[in-house]
Amino acid sequence: GARYDARAAQERWAAFWEADQTFTPLDDGSKERRYVLDMFPYPSGDLHMGHAEAFAMGDVWARFLKLRGYDVMHPIGWDSFGLPAENAAIKRNAHPAEWTYANIDTQANSFKRYGLSLDWSRRLHTSDPEYYRWTQWLFLRFRERGLAYRKASWVNWCPKDQTVLANEQVINGECERCGSPVTKRELTQWFFKVTEYADRLLDDMEQLEAGWPERVLTMQRNWIGRSEGAYIDFALPGSDEPITVFTTRPDTLYGASFLVIAPDGKLAPKIVTDDHRAEFEAYLEKTKSETEIERQSTDREKTGVYLGVDAINPVSGAKIPVFVADYVLAEYGTGAVMGSAAHDQRDLDFARKYGLPILVVIDSGQEDPNVSGIATKADGPYVNSPVLEGISDTETGVATMIKVLQEKGAGRGATTYRLRDWLLSRQRFWGAPIPIIHCEACGEVPVPDDQLPVELPYLTGTDLNPKGTSPLAAATDWVNVDCPTCGGPATRDTDTMDTFVDSSWYFFRYCSPGFEGGPFDPEDVRRWMPVAQYVGGVEHAILHLLYMRFFTKALYDMGLVDFTEPMRRLLNQGQVINQGKSMSKSLGNGVDLGEQIENFGVDAVRLTMIFAGPPEEDIDWADLSPSGSVKFLQRAYRLAADVTSEPGVDPAGGDATLRSTAHRTLADITQCIETQRFNVAVARIMELVNATRKVIDTGAGPADPAVREACEFVAIALSLVSPYVAEEMWEQLGKPPSIANAGWPTVDESLLTIESVTCVIQVKGKVRGRLEVSPTIGEDELRELALAEESVQRALDGREIAKIIIRAPKLVSIVPA
Ligand code: ANZ
Ligand code: ZN
């Protein structure tokens, strides 16, 4: 029979869509707008299986919404700054742009071949000066609002890459990129003040409950880590400054028998006495080589150093010793903790090691921690705590203690967050230069807007080698400038911005490609945003999604956008794995996308991915059968080739059962797509193909108008997943291109319920009766009904039954003994 040639179809339709601009939105207000967005790719080599899956998912959405009559914007661009380009450039003694833009070209061609319904007219690359001009502009606006600032701080330092790393780039104490153990360094760095938005980042998640996966929201909540408690001041005799701790359990204050402060904070070197300084300094050095995760691990043996000073417990008046210990982090809370040994396990372990008092202040009914070595957590009446007498629940205890402390002027209620400000400085070349000039007379001077972009100087190969400072520092012609304010000698900031800055606003730029008056035209953004559907990997569940939410809120506060959450719905697709494992070079289990496409064609590869399982679950390529997909697609195509009725024929008189099946299937598919069960939708398409084939071959035949209708449904639904074969089918059906403009068919509700079907009853192969039954009848019921028929009993004539075959609801076949 007829076959479609996948390769020819790919070439033909890709060219057609491009020339026709099928997927460029009208943006004329004639239709409601919808913005479908895939997380933009990083140009590392060609597209891989992971991209193929994510973009196939996003395309289902974009094509579905377009067919449903929306004006869809589905743009594409590249996140094209970043370290891999720089490393490649050093290795090849070339410019990072060469590697970057060559890879972008390769990927762009692959995207086009992959049949995605993308609008290429909005294409952007974050490494283009015309893009990073606005990244720099936004940085300056943030700085004006106090949201970008510089401070000296301990930063994660990769000794091999010679660069600062964000906390997130440190994985188990190792550099995310090269695997070297990460150490600490003190440097003056640029930060974005994300912490100022901590509450809003949490509270606005309410807007996302309906459209974002719960696990992503949970990850964001934990990352922000809001924690309610109190600051408590412990006076330090001989000093004007108290030590302030943050605690979630101020109600245990009478039990605080020691203080512990972070070794690497500001306070410790100030208060340590001379006798203890050497020991302290040795401990500090040791701490610097430890990762945050090691430091916080609960089952690690506790260590610390006494600083030679004692503080005063503000309620009991007890003199309590002050230690440093690595389990207290400098950057969380106040960097100081009160040790309530009986009710906190880490404090208990520490107290037991150093022979400190373990004071029980809550009678929990559990064994005394002095004996058991286990801190008690349960509520109970407070004991040895005069101000909390008569109270026995934590909430009241905490509130009462906070009130007492407030009255004494020794503390207050407080909220802290795990979230830290975003360190955005990178001592790297291939990023957006920070648009600041340092002048001895004027200090930090912003580059005037009309001098943006601050373009990167031309450096290649070994110029880019890490030297501990930014490679930009070596470009002295570029670095030395006149101060924009006083005209005196000044130097440019030599850091570049973290690439997460670039990706925090690209979706706004898509609304206003090429706009010269700002990062985007607020009018364009108002028309298109928020994004209706965002699609991308769960690896971005925290950082990218948090940072882009932060940017949006800051832009809202500047009056540039009128919403606070940019993405209405989020779909995290699973990974494509092979033989049960993530694909990797070292395992040698990589699957090459190009090869798969060569062997099976784009349509079959996409269909295989979508059909493999629910979108958010991992799919194992080893378990799948792209050749099965090829067969199915040919089968679907043959339906269209077989149809002999004219386009536009009224389906009303056609085969009633097929019509009912087609409309029911269409209703199901619609619902499956809306609820992101794309794999089930594909299964339903397959069923409809089978039902239609049956009617062509053994039923009403290819001229029946219901066959044409079912076939059109198949083509349209299939176009979400396998667009090339769908266009070919559409053409076979005598319809004008493109199927993307066909519109989603309307379900005829009156066809959804069929009252009854006829069941044929055979005895020894001869028809002996007919029954009108419900289409959903079960086998048992059908057996009973069939055997109860008089004509059947007559035919059996008292013989035993050897075998009974039931094909509900249409056939019962009885073989007598
Ligand atoms: C005394 C206490 C008694 C505490 C008790 C807990 C239980 P979350 O909930 O994660 O916010 N803490 C405070 N600052 C710290 C720092 N910089 N490094 C390490 N630990 C720190 O944890 C808050 C609790 O963690 C605080 O409450 C403090 O210990 C500790 F029965 O204070 B708690
Ligand atoms: Zn100056």
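Numbering of residues starts from 1 in each chain and follows the order in which that chain's sequence is written. Going through the entries in the order they are written, you letter the chains from A and number the ligands from 1. With pLDDT at 70 or above as the cut-off, local features in this predicted model cover only qualifying residues; side-chain atom pairs require 80 or more to be listed or tallied, and sums for whole chains, interfaces and linings still use all residues. Calculation of side-chain values draws on the structure's entire complement of heavy atoms; hydrogens and water are dropped beforehand.

## Here we look at the overall build of the protein
So, step 1. Each helix and strand counted, the protein has 27 helices and 32 strands in total.
So, step 2. Seen through its C-alpha atoms, the protein measures out along the principal axes to roughly 110 × 75 × 50 Å.
So, step 3. Residues classed as buried in the protein amount to 53% of the 817 residues present.
So, step 4. Contacts: residue pairs with any heavy atoms within 4.5 Å of one another. Across the protein, every contact between residues at least 6 apart in sequence was considered, and the portion connecting residues at least 24 apart equals 72%.
So, step 5. Accessibility throughout is a Shrake-Rupley quantity obtained with a 1.4 Å probe, and a residue counts as covered only by protein chains that appear here. Of the roughly 34,500 Å² that the protein leaves accessible, carbon and sulfur atoms contribute 48%.
So, step 6. Across the protein, the 84 positively charged side chains and the 118 negatively charged ones have centroids separated by 4 Å. Secondary structure elements are taken from DSSP: a helix is a run of H or I of four residues or more, a strand is a run of E of two residues or more, and numbering for both begins at the N terminus. Classification of residues uses two cut-offs on accessible area relative to the type maximum, computed with a 1.4 Å probe and protein chains only: under 20% is buried, over 50% is exposed, and between them is partly exposed. Positive charges come from Lys and Arg, negative ones from Asp and Glu, while His and the chain ends are left out of the count. Every charge is mapped onto a representative atom, which is NZ of Lys, CZ of Arg, CG of Asp or CD of Glu.

## Structural notes on the site of ligand 1
So, step 1. For each residue, the test is whether any non-hydrogen atom lies within 4 Å of the molecule or strand; if one does, the residue is near. In the vicinity of ligand 1 there are 18 residues, among which Ser227, Thr247, Tyr332, His343 and Arg418 approach most closely.
So, step 2. Definition of a polar contact: a pair of N or O atoms within 3.5 Å, with one able to donate and the other able to accept a hydrogen when the atoms are protein atoms, and with sequence-neighbouring residues admitted only if both atoms are side-chain atoms. Within the side chain of Arg346, one N or O atom sits 3.2 Å away from a nitrogen atom of ligand 1.
So, step 3. Note that an oxygen atom of ligand 1 is positioned 2.7 Å from one of the side-chain N or O atoms of Arg418.
So, step 4. For ligand 1, the protein covers 86% of the area, taking 640 Å² as the surface of the free molecule.
So, step 5. Of all the secondary structure elements, the ones that give two or more residues to the shell around ligand 1 are β11 (243–247) and β15 (336–340).

## Things to note about the coordination of the zinc ion (ligand 2)
So, step 1. Only nitrogen, oxygen and sulfur atoms qualify as donors, provided they sit within 2.8 Å of the metal or within 3.2 Å for Na, K and Ca; with water excluded from the atoms, sites may seem incomplete. Bound to the zinc ion (ligand 2) on the protein side are Cys439 (SG), Cys442 (SG), Cys483 (SG) and Cys486 (SG), at distances that span 2.2 to 2.4 Å.
So, step 2. Square planar and octahedral sites, with four and six donors, are those where opposite donors lie more than 155 degrees apart and all other angles lie between 65 and 115, tetrahedral sites have four donors with every angle between 85 and 135 degrees, and the rest are irregular. Around the zinc ion (ligand 2) sit 4 donor atoms; with metal-centred angles ranging over 105 to 115°, the donor geometry is tetrahedral.
So, step 3. Since its relative accessible area comes to 6%, Cys439 is described here as buried.

## Some thoughts on the packing of aromatic side chains
So, step 1. Ring pairs are drawn from Phe, Tyr and Trp, using the six-membered ring of Trp, whenever the two centres fall within 6.5 Å, and their geometry is named by plane angle: stacked under 30 degrees, edge-to-face over 60, tilted for the rest. This model, assessed by the stated rule, comprises 46 aromatic pairs.
So, step 2. Their ring planes at 70° and their centres at 6.5 Å tell us that Trp61 and Phe678 sit as a pair that is edge-to-face. Placement of the pair is Trp61 in helix α2 (residues 49–67) and Phe678 in helix α23 (residues 678–698), with a sequence separation of 617 residues.
So, step 3. Judged by relative accessible area, which is 5%, Trp61 ranks as buried.
So, step 4. When the centroid spacing of 6.0 Å and the interplanar angle of 65° are considered together, the rings of Trp78 and Phe111 count as edge-to-face. Pair noted here: Trp78 is in strand β3 (residues 75–78) and Phe111 is in helix α4 (residues 96–113), with a separation of 33 residues, a long-range link. Across the pair, Phe111 and Trp78 agree in class, each one buried.
So, step 5. For a ring to carry a charge above it, either NZ of a lysine or CZ of an arginine must fall within 6 Å of the ring centroid while also lying within 35 degrees of the normal to the ring plane. Geometry around Trp157 places Arg185 over its ring, the cationic atom sitting 4.1 Å from the centre.
So, step 6. Positioned over the ring face of Tyr332 is Arg418, at 4.0 Å from the centre of the ring.

## Examining the environment of Thr334
So, step 1. Assignment of secondary structure puts Thr334 in the loop between β14 (319–324) and β15.
So, step 2. Separated by 188 residues in the primary sequence, Thr334 and Gly146 have C-alpha atoms spaced 22 Å apart.
So, step 3. Within polar-contact distance, the side chain of Thr334 engages the backbone nitrogen of Phe246 at 3.4 Å.

## Focus: the UniProt feature "domain: Leucyl-tRNA synthetase editing" (unreviewed entry) in the protein
So, step 1. UniProt positions are given in the numbering used here, feature names are shortened, and annotations may be inferred rather than shown by experiment. With numbering matched to this structure, UniProt assigns "domain: Leucyl-tRNA synthetase editing" (unreviewed entry) to residues 221–395.
So, step 2. Across residues 221–395 one finds 26% helix and 22% strand; the C-alpha atoms that close the span lie 22 Å apart.

## Comments concerning unusual backbone geometry
So, step 1. Across the junction of Met529 and Pro530, the peptide omega takes the value 0°, indicating a cis bond.
So, step 2. In this fold, Pro530 is placed in the loop between α17 (522–528) and β24 (533–537).
So, step 3. Cis geometry marks the peptide bond from Ala808 to Pro809; its omega dihedral reads 0°.
So, step 4. When you line up the elements, Pro809 lands in the loop between β31 (801–807) and β32 (811–816).
So, step 5. With a phi angle near 55°, Asn384 is a residue other than glycine that sits in the positive phi range.

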